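Here is what each chain is made of, one letter per residue.
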Amino acid sequence: NNPPQESSFHNSGGAAASPQEQQQKQQPQDSISQLAEGDVLFNYDEDFDGGSIEDEPEEELTWRSDPEKSMSDWTIRVMNRVTRQKQVYYVHRNVLAVGKRKSEYFVRFFRSHDRVGKSNNVTEVHFESVAASAMPFLLDYMYSSEGKLEIATINAVGLRYLAQYFGMRGLHKRVMSFI
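Residues numbered from 1 in each chain as written. Predicted model: local features only at pLDDT ≥ 70, side-chain atom pairs only at ≥ 80, totals over all residues. Heavy atoms only, no water.

1. Regarding the overall build of the protein chain
Phase 1: Within the protein chain one finds 8 helices and 4 strands.
Phase 2: Listed N to C, the secondary structure of the protein chain is β-α-α-β-β-α-α-β-α-α-α-α in terms of helices and strands.
Phase 3: In the protein chain, buried positions account for 29% of the 179 residues.
Phase 4: When contacts within the protein chain are restricted to residue pairs at least 6 apart in sequence, those whose partners lie at least 24 apart make up 64%.
Phase 5: With an accessible surface of roughly 12900 Å², the protein chain has 48% of that area assigned to carbon and sulfur atoms. (Helix = DSSP H or I, 4+ residues; strand = E, 2+ residues; numbered from the N terminus. Buried < 20%, exposed > 50% of the residue type's maximum accessible area, 1.4 Å probe, protein only. Contact = heavy atoms within 4.5 Å. Areas by Shrake-Rupley, 256 points an atom, 1.4 Å probe, with all protein chains shown as cover.)

As structure tokens, then:
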């Protein structure tokens, strides 16, 4: 038996962090807690350069982002029962449990675990290969502001299983209309 292999999904930007960047990550920089009473963290009057707010690039929240930068607050570990590989997805509770594409599984999970104070911010699930490989499509659908869904012959059965497992009636309906 080989131990499970774990890989993590997020876009790290490609380059490895320098030793100086790694050291900065290890040292928490909490400038807010160091403010004296009456100090201002952001002085938009002095910092204003005359540019438009619309000039700032808008970053879309996605599970593919760096978990630290996107403030990921939940982890889903998916174990593939066949290959014994583990995929790790850094996600956001509000996306999983709120809105049109929410998961009833996560709504119930968060409510019950928050009430009793039992939570390590990780959900681990074990799926067959067809469902495990469809997980990125499910997450893309949940994070999409327009509800975009890539359904194809290769992922339809996996998406149908995930829709049932995670309690996503709208997704199940869309997949069944494809099948």
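2. Some details on the side chain of D66
Phase 1: Within the fold, D66 resides in the loop between helix 2 (44–47) and strand 2 (74–80).
Phase 2: From its side chain, D66 meets the backbone nitrogen of E68 in a polar contact 2.7 Å long. (Polar contact = N/O pair within 3.5 Å; in protein donor to acceptor, adjacent residues only side chain to side chain.)

3. Describing the packing of aromatic side chains
Phase 1: Under the definition given, this model contains 15 aromatic pairs.
Phase 2: Centroid distance Y165 to F166: 5.0 Å. Interplanar angle 80°. Geometry classified as edge-to-face.
Phase 3: For F166, a relative accessible area of 1% gives the class buried.
Phase 4: Among the aromatic residues, ring-to-ring pairing joins W74, Y105, F106, F109, F110, F127, Y161, Y165 and F166 into one connected group.
Phase 5: Above the face of the F110 ring, R93 is positioned so that its terminal group lies 4.4 Å from the ring centre. (Phe/Tyr/Trp six-rings, centres within 6.5 Å; stacked < 30°, edge-to-face > 60°. Lys NZ or Arg CZ within 6 Å of the ring centre and 35° of its normal.)

4. Some details on the side chain of H92
Phase 1: Along the chain, the position of H92 falls in the loop between strand 3 (85–91) and helix 3 (93–97).
Phase 2: By relative accessible area, which is 3% here, H92 ends up buried.
Phase 3: Reaching out from H92, the side chain makes a polar contact with the backbone oxygen of S70 at a distance of 2.9 Å.
Phase 4: In contact with H92, not counting residues within four places along its chain, are L61, T62, S70, M71, S72, D73 and Y143.

5. Structural notes on unusual backbone geometry
Phase 1: Despite not being glycine, M71 shows a phi value in the positive range, around 60°.
Phase 2: With respect to the secondary-structure elements, M71 resides in the loop between helix 2 and strand 2.
Phase 3: Of note in the backbone geometry, R84 takes a positive phi value of approximately 60° without being a glycine.
Phase 4: With respect to the helices and strands, R84 occurs in the loop between strand 2 and strand 3.

6. With respect to a nonpolar patch on the surface
Phase 1: A cluster of nonpolar side chains, contributed by V130, V157, M176, F178 and I179, occupies part of the molecular surface with about 420 Å² of accessible area.
Phase 2: Relative to the assigned elements, V157 resides in helix 7 (residues 156–166). (Patch = residues over 30% accessible without salt bridge, like charges linked within 9 Å, V, L, I, M, F, W, Y side chains within 5 Å. Salt bridge = Lys/Arg side-chain N within 4 Å of Asp/Glu carboxyl O.)

7. Some details on the pattern of salt bridges
Side chains that carry opposite charge are capable of pairing whenever their charged atoms lie near each other.
Phase 1: Inspection of the entire model under this criterion finds 4 salt bridges.
Phase 2: Two residues, R81 and E128, come together in a salt bridge whose shortest N-O distance is 3.5 Å. Of this pair, R81 sits in the loop between strand 2 and strand 3 while E128 sits in the loop between strand 4 (122–127) and helix 5 (129–132), placing them 47 residues apart in sequence.
Phase 3: In this structure R81 comes out as partly exposed when scored by relative accessible area, which is 48%.
Phase 4: The exposure class assigned to E128 is partly exposed, which follows from its relative accessible area of 41%.
Phase 5: Between E124 and K86 there is a salt bridge, with the nearest N and O atoms lying 3.7 Å from each other. Of the two residues, E124 is situated in strand 4 and K86 in strand 3; the sequence distance between them amounts to 38 residues.
Phase 6: One salt-bridge network, held together by shared partners, links R77, K86 and E124.

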